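Read off the chains here:
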Amino acid sequence: QLFIKDLHFDGVPVRIYLPREPSAGKRRGVIFCHGGCGIFGSIRSHERACRYIAKKSDSVVVSVGYHLSPEYKYPAQTLECLTATVHFLQTADTYGVDPARIILSGDSAGGTYAASVCQELVHRTDLPKIRAQVLINPFLQALNFNLPSHQKNAFAAFLSRERTVRFILKYLNKDCSLKEPILAGSHVPESMNLKYRKWINPDLIPEVFKLGYKPPLPTSYLPRVHEEVPELFECKFSPLLAEDAVVCHLPDTCIVTCGHDVLRDDGLLYKKRLEDNNVRVTWHHVEKGFH
């Protein structure tokens, strides 16, 4: 049912899925960024998902095969997703795609890249606008690892709270001894906590998701740790930290969260931020789903 081709978009490997059935008009386009913490995963690992999307939605799907860390250092992954997206927006007609109907999507770290690329493109007047973003279990902030979903799913299979931070440190090529202070929140100065409290705060999570939540004990700030991980405070890495001037221009958004996922609250907090900025949001919560 599909033509499948491996190509390069301005040097970035992609796999494109084109429905064989002739179309009356131009098709929709879907750019997909796979998950895997930036250190594993590939076009092949998400092959079935991309085929399914192409067939079920009758869309042309572009799966981005960005290069992985540590060989390609952060932010190479985000920048390659951006490069592939810009190329597809500029050449959509070549693939029978309506450039005004292209969505950007991704799961886990791929959701981070999709969210980041959408933010990067907000003020680009030389390109068609992204029609929508679909963020599946996205990772969106590295300031607070003590939100209700981190507590509830601290020991969840596959992506535990501890493993999340370990993967982040591996991705950024940092010393794993930083894990414990980051889990405790010692990497964030009080001034930054105060600034971002309006966006990253357990009080913003609906009560139904806070059953059994216990606020963590206060922790002391460690400047040495903060200085080791400046990347965690960049919008490329933590899209939840983007200013309202960017967020208010984002496209329609679909967010998928799962009940058994440490990252659940990242999705819930971004949903609230988008809604507060009058962005249309569709939210799907899979209560028994996991990361």
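Calculation notes
- All residue numbers refer to position in the chain's written sequence, counted from 1.
- Local features in a predicted model are, by the rule used here, given only for residues with pLDDT of at least 70; side-chain atom pairs are given and counted only at 80 or more, and totals for whole chains, interfaces and linings are based on all residues.
- With hydrogens and water excluded, all non-hydrogen atoms of the structure serve as input to the side-chain values.
- Every helix listed is a DSSP run of H or I at least four residues long, and every strand listed is a run of E at least two residues long, numbered separately from the N terminus.
- We take the radius of gyration over the C-alpha atoms and set the globule estimate at 2.2 Å times the residue count to the 0.38 power.
- Between buried and exposed lies partly exposed: a residue is buried under 20% and exposed over 50% of the maximum accessible area for its type, with that area taken using a 1.4 Å probe on protein chains only.
- The contact criterion used is simple: two residues touch if any of their non-hydrogen atoms lie within 4.5 Å.
- Here the open area of atoms and residues is found with the Shrake-Rupley method and a 1.4 Å probe, where only the protein chains shown may cover a residue.
- This count recognises Lys and Arg as positive and Asp and Glu as negative, with His and chain-terminal groups excluded.
- Think of each charge as sitting on NZ of Lys, CZ of Arg, CG of Asp or CD of Glu.
- When DSSP locates at least two bridges between a pair of strands, those strands are taken to pair.
- Note on geometry: axes are C-alpha line fits, over the in-contact stretch for helices, and angles between N-to-C directions span 0 to 180 degrees.
- UniProt positions are given in the numbering used here, feature names are shortened, and annotations may be inferred rather than shown by experiment.
- Take the number of residues in a helix, subtract one, and multiply by 1.5 Å to get its expected span.
- Note: domain ranges come from an automatic or database domain assignment.
- Note on terms: buried area is the combined drop in 1.4 Å-probe accessible area of two parts once they are placed together, counting the loss on both.
- By salt bridge we mean one thing: a side-chain nitrogen of Lys or Arg within 4 Å of a carboxyl oxygen of Asp or Glu.
- Here a polar contact means two N or O atoms within 3.5 Å. Within protein one must be a hydrogen donor candidate and the other an acceptor candidate, and residues neighboring in sequence count only if both atoms are side-chain atoms.

Where an unreviewed UniProt entry is consulted, the protein chain appears under the name ADCL3 protein, with the organism given as Cephalopterus ornatus.

**Let's talk about the overall build of the protein chain**
Check the secondary structure of the protein chain and you find 10 helices and 8 strands. Computed over C-alpha atoms, the radius of gyration of the protein chain comes to 19 Å, within 12% of the 19 Å expected from 2.2 N^0.38 for 291 residues, which places it in the range of a compact globule. Buried residues in the protein chain amount to 56% of all 291 residues. Here the contacts in the protein chain between residues at least 6 apart in sequence split such that 76% fall between residues at least 24 apart. Accessible area for the protein chain stands at about 13,400 Å²; split by element, carbon and sulfur atoms hold 54% of it. Averaging the coordinates of the 36 positive side-chain charges in the protein chain and doing the same for the 31 negative ones gives two points 5 Å apart.

**Some remarks on the sheet that holds strand β6 (residues 132-136)**
Spatial ordering of the open sheet is given by β1-β2-β4-β3-β5-β6-β7-β8, a layout of 8 strands whose pairing is mixed. In this open sheet, the two strands that pair with only one neighbour each are β1 (2-9) and β8 (281-290). Averaged over all adjacent pairs, the angle separating strand axes in this sheet is 20 degrees, with direction ignored. Across 7 bridges, strand β7 (residues 252-260) lies against β8 in parallel orientation. Paired with Cys 258 across the two strands is Val 286, which belongs to β8. Across the sheet, helix α3 (residues 109-121) touches β3 (27-33), β5 (97-107) and β6, and the angle it forms with β5 is around 140 degrees.

**Some points on the pairing of strand β2 (residues 12-19)**
Walk down a regular strand and you will see the side chains alternate between the two sheet faces. Among the 8 residues in β2, 8 count as buried, and that is most of the element. Residues Val 12, Val 14, Ile 16 and Leu 18 point to one face of β2 and Pro 13, Arg 15, Tyr 17 and Pro 19 to the other, with burial holding for every one of them. In the sheet, β1 pairs with β2 via 8 bridges, with the strands oriented antiparallel. Considered in β2, the bridge of His 8 is made with Pro 13. Between β1 and the antiparallel strand that follows it, β2, lie 2 residues; Asp 10 among them carries a positive phi value of about 50 degrees. Judged from the 4 bridges that link them, β2 and strand β4 (residues 59-64) form a sheet pairing that is antiparallel.

**Re the UniProt feature "domain: Alpha/beta hydrolase fold-3" (unreviewed entry) in the protein chain**
Residues annotated by UniProt as "domain: Alpha/beta hydrolase fold-3" (unreviewed entry) correspond here to residues 30-182 and 236-291. Across residues 30-182, helical content stands at 39% and strand content at 17%; the span's end C-alpha atoms are separated by 35 Å. Annotation note: span residues 236-291, helix share 30%, strand share 34%, distance between end C-alpha atoms 22 Å.

**Looking at helix α10 (residues 264-276)**
Helix length check: α10 (13 residues) gives 19 Å between terminal C-alpha atoms against 18 Å at 1.5 Å per residue, within 8%. Taking burial as the measure, the 13 residues of α10 include 10 buried ones, the bulk of the element. Among the residues making up α10, those that are buried are Arg 264, Asp 265, Asp 266, Gly 267, Leu 268, Leu 269, Tyr 270, Lys 271, Arg 273 and Leu 274. On its buried face, α10 is in contact with α3, β6, α4 (148-152), α9 (244-247), β7 and β8. Downstream of α10 by one or two residues, Asn 278 has phi in the positive range, about 65 degrees.

**What about the domain arrangement of the protein chain?**
The domains assigned to the protein chain are domain 1 (2-141 + 239-290) and domain 2 (148-233). In this complex, domain 1 contributes 32 residues to the contact, which on the side of domain 2 involves 28 residues. When the buried surface of domain 1 facing domain 2 is broken down by residue, Tyr 74, Leu 241 and Val 262 rank first, second and third, together holding 26% of it. Linking domain 1 with domain 2 are 1 salt bridge. Here Glu 243 makes a salt bridge to Lys 195, at a shortest N to O gap of 3.8 Å. Where domain 1 meets domain 2, there are 9 residue pairs in polar contact (both at pLDDT 80 or more). Looking at the side of domain 1 that touches domain 2, the elements that each hand over two or more residues are β7, α10 and β8.

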